[in-house]
Amino acid sequence: MRLEKLDLNLLVALESLFETQSVSETASILNLSQPTISAALKRLREYFKDDLLIQDGRTMVPTAKGRELAPAVSDILNETRLKIIHPPFPCKSSGSIHDFQAKTKTLEINS
């Protein structure tokens, strides 16, 4: 198993698949097509050498390997979201006060 073959977006899709248990719902949430999510699931199945989720009626249920991976996938993505996407604001106190102002623009539309 090589990490280079695993794309972070695949983990995002997998996390959503674990949560929704639906390719259609995952596609809708991620603003992707159903074929794109199906292709992502195929790549994940090949990477992990496991089905990860199997069809059971109208839902998909995780396999034993899927149940094992689900918390780790969520932990990895939550940590990534915290550290990279929403890094903490450096709150060093310099003892000085800063005043911020923002300019606004008004757009007038004539109809």
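For the structure, check the block above.
Counting starts from 1 at the beginning of each chain's written sequence and moves along it residue by residue. For a predicted model such as this one, the threshold for reporting local features is a pLDDT of at least 70, and the threshold for listing and counting side-chain atom pairs is 80 or more; totals across whole chains, interfaces and linings nevertheless cover every residue. Side-chain metrics in this entry use all non-hydrogen atoms of the structure; hydrogen atoms and water are not considered.

1. Regarding the packing of helix 1 (residues 8-20) against helix 3 (residues 34-48)
Put simply, the rule reads: Helix axes are fitted only over the stretch in contact, all axes being lines through C-alpha atoms; the angle between N-to-C directions runs from 0 to 180 degrees. Think of it this way: any DSSP run of H or I at least four residues long counts as a helix, any run of E at least two long counts as a strand, and we number them from the N terminus. Each angle gets one of four labels, with under 35 degrees taken as roughly parallel, over 145 as roughly antiparallel, 65 to 115 as roughly perpendicular, and the rest as oblique. Contacts are assigned to residue pairs that have any heavy atoms within 4.5 Å of one another. Note on residue categories: nonpolar means Ala, Val, Leu, Ile, Met, Phe, Trp, Tyr, Cys or Pro, charged means Asp, Glu, Lys or Arg, and polar means any other residue, Gly included.
In contact at an axis separation of 10 Å, helix 1 and helix 3 are set at 100° when each is read in the N-to-C sense. What the angle tells us is that helix 1 and helix 3 run roughly perpendicular. Every residue of helix 3 that contacts helix 1 at Leu10, Ala13, Leu14 and Leu17 is listed here: Ile37, Ala40, Leu41, Arg43, Leu44 and Phe48. For the contact of helix 1 with helix 3, the per-class residue count stands at nine nonpolar, no polar and one charged.

2. Here's the deal with unusual backbone geometry
Here is the rule: Throughout this description, buried means an accessible area under 20% of the type-specific maximum (1.4 Å probe, protein chains only), exposed means over 50%, and partly exposed covers the range between.
Phi at Gln21 takes a positive value of approximately 55°, unusual for a residue other than glycine. With respect to the helices and strands, the residue Gln21 is situated in the loop between helix 1 and helix 2 (23-29). Gln21 sits in the partly exposed class, given a relative accessible area of 27%. Here the phi dihedral of Lys49 falls at roughly 55°; this positive angle occurs in a residue that is not glycine. The residue Lys49 is located in the loop between helix 3 and strand 1 (53-56) in this model. Taking the relative accessible area as the measure of exposure, Lys49 reaches 72% and is therefore exposed.

3. Things to note about helix 4 (residues 64-85)
Heads up, the rule is: Take the number of residues in a helix, subtract one, and multiply by 1.5 Å to get its expected span. Note that bend, as reported per residue, equals the angle between axes fitted to the 7 residues terminating at that residue and the 7 residues originating from it.
Here helix 4 contains 22 residues, and its C-alpha end-to-end distance of 31 Å stays within 8% of the 32 Å for a straight helix at 1.5 Å per residue. At Ala70, helix 4 shows its maximal bend, which comes to roughly 30°, and the proline Pro71 appears one to four places after that position. Those residues of helix 4 not exposed but buried are Gly66, Leu69, Val73, Leu77 and Thr80. Check the buried side of helix 4 and you find it contacts helix 1, helix 3 and strand 2 (59-62).

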